[in-house]
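This is what each chain is made of:
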Amino acid sequence: MSDAEQASDFDPTTQVDEFEPVDVFPSSEDMDLRPGADNCYKCTSCDTSCPVAEVDEDFPGPKFQGPEQWRLKRGEDVDIDDSILSCSNCMRCDDACPSSVPLSQMHNTARGEYVEEHMDHNSIEYLRNRMLSNYRSLASIGSKIPRISNFFLGLGITSTLGEKLMGITSEREMPEFAHETFRQWWKKRGGAQVSNPDKRVAYFHGCYSNFNTPEVGKAMVRVFESFGYEVMVPKQQCSGTPMFANGMLKDARREAEVNVRELGKAIENGADVIASCTSCSMALRQEYPELFDIEGIEDLSEHTYEAMEFLRIHEDLHSAIRESEVDPQSFAYHAPCHARNQGLDRQAVELFRELDGAQIEDVGESCSGISGTYGWKSEKYETSMKIGAEMFDHMEHAEGEVGMTECPTCAMQMNHGTGYEIRHPLELLEKAVAN
Amino acid sequence: MAIREDVIVIGGGLAGSIAAIEAAETGASVRLVTYKKSTLRHASGLIDVLGYNGSDDPIADPYAALDELPDDHPYSVAGEAAIRDGLERFDEVVGDQYQGGHTDTNALLPTFGGAVKPTARYPTSTAAGITSDTRSMLVVGFREMTEYNGQMLADHLEAAGVPFEVKGVECNFPGTYANDSRVTRFTKRLDNDEDVDYEGTTMGAREALAKEIEPHLGDAERVGLPALLGDEHADEVHNDLERHLGADVFEIPMGPPSYPGMRLADTLKDAVDEAGVRISAGNPVVGFEAEDGELTSVIVDSKGREVPYHADEFVLATGGLVGKGIDSDREEGVTEPIFDCYIPHPEDRYDWFDKQAFGDQPFAHFGVRVDETMRPLSADEAPEFDNLRAAGAVIGGADTVAEKSQSGVSLATAVVAGEHAGERAATHEVHQ
């Protein structure tokens, strides 16, 4: 069916001297998404890349959530459809769109508006989503007493209560807190061991490698120091990724303000910002400037890199890896959706193929399905596992029983679906070049 | 200078993939740099060489019709041998997923509008639908899919004068769906053979679909369905349906989203990977560095940072107007956005189009002009750069949509560009 149902008196053969855009829609909002909506030529590349639409018959897909819903809600009496909460913010539609429609920006904006204006702020769902998206606050308390926290989180009753009271699935095991956080280790070690005003990086460790997998952060530090970099670890908050996905844009902005300010100081001191989590780097690079107007936010976006990406560009990482060797081990590698969006989906496979001892196999293009906090919600758990089924299947068919990925929640899902131990590429890189 | 190869191919569609494989065959190290999903995702998956040339009658033998093409047609520049090499390479890459390689003659296949289309290669899943076959046909549509109607399709085929009996029917796709459920949902259901409730019994989606179709089968010997019969396990879906129905089953290529196109994209990606080509996907090439008329690197915009990718030889396979390899606006006219290669076009943009929608549209011919080694030429017919070649829809000179020749043009130009790039990169190395 055509979009233009009414005859227009537009005559393409009439010469127009000067082009005057017609303001069809009132432009009262902060962000003008109209050019983005107009760029959509309905090729459906986004819909066919959407992992949720593929398994959930009620989800109308990104083309609706983005440009079509944006047009619909120009009408005064049309509210945002609640299906926006079923979007997992994997951002695959961004990667797919040949016309560069800012789909995830549209989804984030719509979701933020829906949560702010149409969701009951006293509902369990809202409180649950708020709690999940503020994982950092919980983790910073829990990790003060890691052994006790882990004990309570591991109890059956805790997970039953979580399911019954909060709608957090009891199918998953809560991630354990490390006995020593990355920042505690960093402090104890006396901070940077290499000082180099010409080669400085500021590490954005994010929440998970601080509280749960400090070995990833340690690997980052050792690898960068082995290449002669001075590593700085500025004060930082959550990147905001879980907040965007839950429409908690005010929370995200609060965290972003601190990150932009603190990382901005490091950039002033000559550093580039390095993240080990691809969703953190995604947030700093793309979502920050798309969603917030904070002084220095563009500068931060332009100075942020994923860890291996930075080394590939600035060092001869290929040769360093080619000349190294590790103990024989096979890895089933999954590229996180957010890595894909930064053009990093083939990086680990390309590099580690040339590493003696390592065998690495890409388990394919499918999404892991967990998408951060999404797969933790009771009502989304099943969808999450259906999306993940293809990846689990490919992992089972790959050599060995160790998985690899950059994203901490993808790692949770990979482990949950297969029982495999999951490693971060930096951990293998540390073994190869920093020992 | 961390990122360096012998050959960099820009663009990951049919032309880019084949050019990369071709270059890798010469022994060169090759990197394919691709940005968004290619237009293959919404292409029919049929591989046309030449279907029409100015008249409404389809061409029977494309090779016999080459002589009538104008001198600036990409086929005239590349030559018949290049077309044959391109198809040979294609056949090798897709193996038994495609048919049609046994003859030079075009096959005629039904489209989802009920027209009959001449094409050179077609997915095996569509083969039983060939319209020169006289066996009776049932065309199935689904009420859940508004863009496709079995009855209408059958009526159109009949009106086109096909030499067989054809009837159409609308069925329900097993399972329950929202009004705006996606095609991918139907496909996933069949691909995984998910359980559905069908008339009070729980069974696999494939069996349920066969049961839904069976009462309408009559004496039809073959059954056509919209091309959504599976993704990763398409062969199994196809075989299971044929087994349950006791008739040949075929897919009818659709508009977007197109599974035959997506499956071809997956096959090409695997072939590129297997050929040892490195793939960088997700970021656009936005510029270049050159010295003495030779490119030294292309600049990739990595989310705001400009990263140079170095190579000796480069292939431009960024697509045409739809694939965004060619751009146009009011100020600059028609441009090739990365290297600013020359694209001949009328200055007055009211001369870019014909008032008749299906007339001879000047814009359909827009694209770079190339020499016989596929180097884009400047306005004075000299190569834009000594080490830049073009392949696919970025090359102009023909209305490939009206002619039904785009896939053939992509394949022919890709093998020439890829081979020359690979071989010339090898001579660079000898000199160093």
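Because the structure is predicted, anything quoted here is derived from the model rather than measured. (Residues numbered from 1 in each chain as written. Chains lettered and ligands numbered in written order. Predicted model: local features only at pLDDT ≥ 70, side-chain atom pairs only at ≥ 80, totals over all residues.)

Novice: Help me understand the overall build of chain B, please; the structure alone is not making it clear to me.
Specialist: Secondary structure summary: chain B contains 10 helices and 20 strands in total. Expected size for 432 residues packed as a compact globule is a radius of gyration near 22 Å; at 23 Å, chain B falls within 12% of this value. For the C-alpha atoms alone, the extent of chain B along its principal axes is close to 75 × 45 × 40 Å. By residue count, 54% of the 432 residues in chain B fall in the buried class. A fraction of 68% describes how many contacts in chain B between residues 6 or more apart in sequence connect residues 24 or more apart. (Helix = DSSP H or I, 4+ residues; strand = E, 2+ residues; numbered from the N terminus. Rg over C-alpha atoms; globule rule 2.2 N^0.38 Å. Buried ≥ 20, exposed ≤ 12 C-beta atoms within 10 Å, placed from the backbone. Contact = placed C-beta atoms within 7 Å.)

Novice: Got a minute to help me understand the overall build of chain A in this structure?
Specialist: Regarding its fold elements, chain A presents 24 helices and 8 strands. A globule of 435 residues ought to have a C-alpha radius of gyration of about 22 Å, and chain A, at 23 Å, matches this closely. Counting only C-alpha atoms, chain A reaches 75 × 55 × 45 Å along its principal axes. The 435 residues of chain A split such that 51% are buried. For chain A, the proportion of contacts with a sequence separation of at least 24, taken over those separated by at least 6, is 77%.

Novice: Would you mind showing me how to read the environment of Ala2 of chain B here?
Specialist: Within the fold, Ala2 of chain B resides in the segment before strand 1 (7–10). With 307 residues separating them in the primary sequence, Ala2 of chain B and Tyr309 of chain B have C-alpha atoms 8.2 Å apart. Contact partners of Ala2 of chain B, with chain neighbours within four places excluded, come to Arg312, Ile313, His314, Glu315, Asp316 and Leu317 of chain A.

Novice: Is there a simple way to explain the pairing of strand 17 (residues 313–316) of chain B in this structure?
Specialist: For a regular strand, the rule is simple: side chains alternate between the two faces of the sheet. Residues and elements named next belong to chain B. Across the two faces of strand 17 the burial is the same, with Glu313 and Val315 and Phe314 and Leu316 all buried. Pairing analysis gives 4 bridges linking strand 1 to strand 17, with the strands arranged parallel. Among the inter-strand pairings, Val7 is bridged to a residue of strand 17, identified as Glu313. (Pairing = 2+ DSSP bridges.)

Novice: Mind showing me how you'd approach unusual backbone geometry here?
Specialist: As a rule of thumb, non-glycine residues mostly have phi less than zero, and peptide bonds are mostly trans rather than cis. The omega torsion of the bond from Pro256 of chain B to Pro257 of chain B falls at -5°, within 30 degrees of zero and hence cis. Counting through the fold element by element, Pro257 of chain B comes out in the loop between strand 12 (248–252) and helix 8 (259–274). Phi is positive for Thr44 of chain A, close to 70°, though the residue is something other than glycine. By the element assignment, Thr44 of chain A lies in the loop between helix 1 (34–39) and helix 2 (45–49).

Novice: What is the right way to read the nonpolar core from this model?
Specialist: It is characteristic of soluble globular proteins that their nonpolar side chains tend to be buried jointly. Counting residues in each nonpolar core, the largest one holds 121 residues, and the members touching the most others are Val9, Ile10, Ala19 and Val315 of chain B. Of all the elements, helix 10 (residues 406–431) of chain B adds the most residues to this core, at 9 residues. Apart from the residues lying within four places of it in its own chain, the contact partners of Ala19 of chain B are Val9, Val315, Ala317, Ala391, Ala414, Ala417 and Gly418 of chain B. Counting residues in each nonpolar core, the second largest holds 90 residues, with Val115, Val201, Met248 and Cys277 of chain A among its members. (Core = buried A, V, L, I, M, F, W, Y, C linked by C-beta atoms within 7 Å.)

Novice: It is not clear to me how the sheet that holds strand 14 (residues 285–291) of chain B should be interpreted in this structure. Could you clarify?
Specialist: Backbone-to-backbone hydrogen bonds join strands into a sheet, with any given pair of strands oriented parallel or antiparallel. Residue and element names in this part refer to chain B. Reading across the sheet, the 3 strands line up as 14-15-16 and stay open at both edges, with antiparallel pairing between neighbours. Bordering the open sheet on either side are strand 14 and strand 16 (305–310), each of which pairs with just one other strand. Each strand axis lies, on average, 30° off the axis of its neighbour in the sheet, ignoring direction. One ladder, built from 6 bridges, connects strand 15 (residues 294–302) with strand 16; its direction is antiparallel. What sits directly across from Ser302, in strand 16, is Arg305. (Axes fitted to C-alpha atoms, helices over the stretch in contact; angles between N-to-C directions.)

Novice: Help me understand the domain arrangement of chain A in this model?
Specialist: For interface size, the figure often reported is the accessible area lost on association. All names here are of chain A. Domains assigned within chain A are domain 1 (34–118), domain 2 (124–166), domain 3 (182–313) and domain 4 (323–433). Just the C-alpha atoms count here: the centres of domain 1 and domain 3 sit 29 Å apart. Between domain 1 and domain 3, the residue contacts involve 9 residues of the former and 8 residues of the latter. Partitioned by chemical class, the residues of the side of domain 1 that touches domain 3 number 3 nonpolar, 5 polar and 1 charged. (Domains from an automatic or database assignment. Nonpolar A, V, L, I, M, F, W, Y, C, P; charged D, E, K, R; others polar.)

Novice: How do you make sense of the packing of helix 22 (residues 378–397) of chain A against helix 23 (residues 408–418) of chain A when you look at a structure like this?
Specialist: When two helices pack together, their arrangement is given by the angle between the helix axes and the distance between those axes. Residues and elements named next belong to chain A. Here helix 22 crosses helix 23 at 70°, and the two axes come no closer than 10 Å. Between helix 22 and helix 23, the angle falls in the class roughly perpendicular. The handedness of the crossing between helix 22 and helix 23 is right-handed. Note on element contacts: helix 23 touches helix 22 through Gln413, Met414, Gly417 and Thr418, opposite Gly388, Phe392, Met395 and Glu396. A per-class count over the contact of helix 22 with helix 23 returns 3 nonpolar, 4 polar and 1 charged. (Parallel < 35°, antiparallel > 145°, perpendicular 65-115°, else oblique. Left-handed = near helix turned anticlockwise from the far one by under 90°.)

Novice: Explain the confidence of the model for chain A here, please?
Specialist: Low-pLDDT portions of the prediction should not be read for the details of their coordinates. Residue and element names in this part refer to chain A. In this model, chain A carries an average pLDDT of 89, and 92% of its residues clear a pLDDT of 70 or more. Every residue in residues 1–8 scores below 50 in pLDDT, and together they form 0 contacts with partners more than four places removed in sequence or on other chains. Here residues 23–29 is a poorly scored stretch, pLDDT under 50, and it has 3 contacts once near neighbours within four places are set aside; other chains count. (pLDDT = per-residue confidence, 0-100.)

Novice: Any chance you could explain the sheet that holds strand 4 (residues 304–306) of chain A here in plain terms?
Specialist: All names here are of chain A. The strand order 2-1-3-4 describes an open sheet built from 4 strands, whose pairing is parallel. The open sheet has two edge strands, strand 2 (230–232) and strand 4, and neither has a second partner. Ignoring strand direction, the axes of neighbouring strands in this sheet form an average angle of 35°. Here strand 1 (residues 200–204) pairs with strand 3 (residues 271–275) via 5 bridges, running parallel. When the bridges of strand 3 are listed, Arg200 appears paired with Ala271. Lying on the sheet, helix 13 (residues 214–226) is in contact with strand 1, strand 2 and strand 3; it crosses strand 2 at an angle near 150°.

Novice: Any chance you could explain the environment of Glu207 of chain B here in plain terms?
Specialist: Residue and element names in this part refer to chain B. Relative to the elements of secondary structure, Glu207 occurs in helix 6 (residues 205–213). On the neighbour-count criterion, Glu207 (18 C-beta atoms within 10 Å) is partly exposed. Separated by 83 residues in the primary sequence, Glu207 and Thr124 have C-alpha atoms spaced 22 Å apart.

Novice: What am I meant to see in the interface of chain B and chain A here?
Specialist: Taken together, the contacts link 35 residues of chain B with 38 residues of chain A. Residue assignment for the side of chain B that touches chain A shows that the elements contributing at least two residues are helix 5 (183–191), strand 13 (278–281) and strand 16 of chain B. The biggest single contributor to the side of chain B that touches chain A is strand 13 of chain B, with 4 residues.

Novice: Just checking my understanding: could you explain the pairing of strand 10 (residues 201–204) of chain B for this structure?
Specialist: All names here are of chain B. Here 4 bridges tie strand 9 (residues 195–198) to strand 10, and the two strands are oriented antiparallel to one another. Its bridge partner lying in strand 10, Asp197 is registered against Thr202. Count of turn residues in the strand 9/strand 10 antiparallel hairpin: 2 residues, of which Glu199 carries a positive phi of about 45°.

Novice: Please explain the packing of helix 1 (residues 14–25) of chain B against helix 8 of chain B as it appears in this structure.
Specialist: Residues and elements named next belong to chain B. Here helix 1 crosses helix 8 at 20°, and the two axes come no closer than 9 Å. Classified by the angle between their axes, helix 1 and helix 8 sit roughly parallel to one another. At the point where helix 1 passes helix 8, the crossing takes the left-handed sense. Contact residues: helix 1 offers Leu14, Ser17, Ala20 and Ile21, while helix 8 offers Leu268, Ala271 and Val272. Taken together, the residues of the contact of helix 1 with helix 8 break down into 6 nonpolar, 1 polar and no charged.

Novice: Sorry if this is basic, but what is going on with the confidence of the model for chain B here?
Specialist: Here chain B averages 94 in pLDDT, while 99% of its residues score no lower than 70. Across the predicted assembly, pTM comes out at 0.91 and ipTM at 0.85.

Novice: Teacher, can you tell me more about helix 22 of chain A here?
Specialist: Given 3.6 residues per turn, any residue in an α-helix points the same way as the ones three and four places further on. Residue and element names in this part refer to chain A. The end-to-end C-alpha distance of helix 22, which contains 20 residues, comes to 29 Å, matching closely the 28 Å that a straight helix rising 1.5 Å per residue would cover. Maximal helix bending in helix 22 amounts to about 40°, located at Gly388. Taken together, the buried positions of helix 22 are Lys380, Tyr381, Thr383, Ser384, Ile387, Gly388, Glu390, Met391, Phe392 and Met395. Buried positions along helix 22 lie against helix 3 (51–55), strand 5 (325–333), strand 7 (402–404) and helix 23. (Expected span 1.5 Å × (residues − 1). Bend = angle between axes of the 7 residues up to and from the residue.)

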